[in-house]
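Reading the structure
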Amino acid sequence: MSGHEKREAYLLLSLVQARAGASIVRGLGDADPRILLEEPLERLRERIELNEKTAGILEEIRHGFDAGEVVAALEEGGARVVTLADEGYPERLRRVPDPPPALFVRGREIPEAPSVAIVGSRKASAGALEAARELGEALAGRGVNVVSGLALGVDAAAHEGALEAPGTTVGVLGCGIDVVYPRKNRDLYRRVEEQGTILSEYFLGEPPLAWRFPARNRIIAGLADTVVVVEAPQRSGALITARHALDAGREVWAVPGPIGVPECRGSNRLISEGATPLWDVGEFVESVAPPSEEERRWHESLTENLWAVLPHREAAVLAGIGFTPCSVDQISRRSGVGLQEVVRVLPLLELKGYVRRDASGMLSRTGPVR
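Described below are features of the structure shown in this document. (Residues numbered from 1 in each chain as written. Predicted model: local features only at pLDDT ≥ 70, side-chain atom pairs only at ≥ 80, totals over all residues. Heavy atoms only, no water.)

Remarks on the sheet that holds strand 7 (residues 226–229)
Taken in spatial order, the 9 strands line up as 1-2-6-5-4-3-7-8-9 in an open sheet, and their pairing is mixed. Edge positions in the sheet fall to strand 1 (80–83) and strand 9 (276–277), since each of these pairs with one other strand and no more. Sheet analysis places strand 3 (residues 115–119) next to strand 7, joined by 4 bridges and oriented parallel. Its bridge partner being in strand 7, Val116 is matched across the sheet by Thr226. Where helix 8 (residues 126–141) meets the sheet, its contacts fall on strand 3, strand 4 (145–148) and strand 7, and the angle it forms with strand 3 comes to roughly 170 degrees. (Pairing = 2+ DSSP bridges. Helix = DSSP H or I, 4+ residues; strand = E, 2+ residues; numbered from the N terminus. Contact = heavy atoms within 4.5 Å. Axes fitted to C-alpha atoms, helices over the stretch in contact; angles between N-to-C directions.)

Okay, structure coming up:
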């Protein structure tokens, strides 16, 4: 079977699954996907699991199916397609239990870089939004791709942080690749498309039906090496993403929330069930994107010499600053120096060239002691 025919079969399969709301990939198993193009429906139902509804949709769509027309329509809409038969299909996603047969893509190529998914509540607290934005910016600043669902709340904050770094980010839709949902995120959709990647398993024009969002969460988990749940109630799509991540053998972290707060019960429960608690953004980022050997040498040089070349307070504050951007509060907590003293000392460290401040006010080290 040629790769071209296999690609057509997966493209057809994608259109069928989008209408049926059921996976056929699982039912195919090791069967040749070309049978979907050629086999009579009766024989097809003997070979793979197809309920009556799905079989009817398959017959209807393949009757007038023309892969060339589908690809042309995508190109006209500023999109493209990558299928399970293509080399460009993300390897992480290919290995999940139920990979989408095709991905419709806008923007840049799907990154192969280390990736972290950041998910959480649409009605997130101010603290959760700040944490998601800080995580997105810190990860992207280290070259880590940030994956999320382009929804309101935590998703949007994570994408915005990654864009500010600036870095790469992938938005996974639960609707057609050309459908902006929610409409409030129109500007964010455009920015992600320009600087990163937007993808969906749904063809042009497919509406944001409720069942499609839990389905898309397996893609978010499948594209990532690690999933972070920032804040989630007990019934949450973020928890579905975490379950998909565990099924695919990925790491799951969760940001601890206050005891008894309904919006945090789901994410706190994840921790009680074995998810790793994310206490510190800088430490987490350095665990998923460790400093390079050169940066480590800088750190060792700085650690050995800073107490000799800097006043005690400045050296203590600098010891609390890592390679990833961190806040003044984090520096105070890590260094053990009071917040007011940290605020007083930081301008001196910036002036001496040991610390840099980004556009959002986050701070990080610049290099070795001069």
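What about the pairing of strand 6 (residues 197–200)?
Of the two faces of strand 6, the one holding Thr197 and Leu199 and the one holding Ile198 and Ser200 are both buried throughout. Both strand 2 (residues 102–107) and strand 6 contribute to a ladder of 4 bridges, which runs antiparallel. In the strand pairing of strand 6, Gly107 is matched with Thr197. In terms of strand pairing, strand 5 (residues 169–172) meets strand 6 through 3 bridges, oriented parallel. When the bridges of strand 6 are listed, Val172 appears paired with Leu199. Read as a crossover between parallel neighbours, the route from strand 5 over helix 10 (residues 186–195) to strand 6 is right-handed. (Buried < 20%, exposed > 50% of the residue type's maximum accessible area, 1.4 Å probe, protein only. Right-handed = clockwise from strand over helix to strand, strands pointing away.)

A few points about the packing of helix 11 (residues 212–222) against helix 12 (residues 237–247)
One way to put it is that helix 11 packs onto helix 12 with a least axis distance of 8 Å and a crossing angle of 50 degrees. Taken together, helix 11 and helix 12 sit at an angle that is classed as oblique. The way helix 11 lies across helix 12 gives a crossing that is right-handed. Note on element contacts: helix 12 touches helix 11 through Gly237, Ile240, Thr241, His244 and Ala245, opposite Pro214, Asn217, Arg218, Ile220 and Ala221. Of the residues belonging to the contact of helix 11 with helix 12, the class tally is 5 nonpolar, 4 polar and 1 charged. (Parallel < 35°, antiparallel > 145°, perpendicular 65-115°, else oblique. Left-handed = near helix turned anticlockwise from the far one by under 90°. Nonpolar A, V, L, I, M, F, W, Y, C, P; charged D, E, K, R; others polar.)

Observations concerning the nonpolar core
Ranked by size, the top nonpolar core spans 70 residues in total, and within it Leu103, Leu199, Leu223 and Val229 carry the most contacts. The dominant element in this core, judged by the number of residues it contributes, is helix 1 (residues 3–20), at 7 residues. Discounting residues that sit within four places of it in the chain, Leu199 has contacts with Leu103, Phe104, Val105, Ile110, Val170, Gly171, Val172, Leu173, Ile177, Ile219 and Leu223. Ala138, Leu139, Val154 and Val281 belong to the second largest nonpolar core, which has 25 residues in total. (Core = buried A, V, L, I, M, F, W, Y, C linked by side-chain atoms within 4.5 Å.)

Some points on the pattern of salt bridges
Enumeration over the complete set of coordinates arrives at 23 salt bridges. Here Glu60 ties to Arg19 by a salt bridge, and the two come within 3.2 Å at their closest N and O atoms. Taken together, the residues Glu60 in helix 5 (residues 52–63) and Arg19 in helix 1 connect sequence positions 41 residues apart. Look at Arg19 and you get partly exposed, because its relative accessible area is 39%. Ionic pairing is found between Arg80 and Glu109, a salt bridge with its closest N-O pair at 3.6 Å. Note that Arg80 is positioned in strand 1 and Glu109 in the loop between strand 2 and strand 3, a separation of 29 residues in sequence. Classification of Glu109 by relative accessible area gives exposed; the value is 61%. One connected set of salt bridges, linked through shared partners, spans Arg26, Asp98, Glu201 and Arg218. (Salt bridge = Lys/Arg side-chain N within 4 Å of Asp/Glu carboxyl O.)

In short, geometric facts, not functional conclusions.
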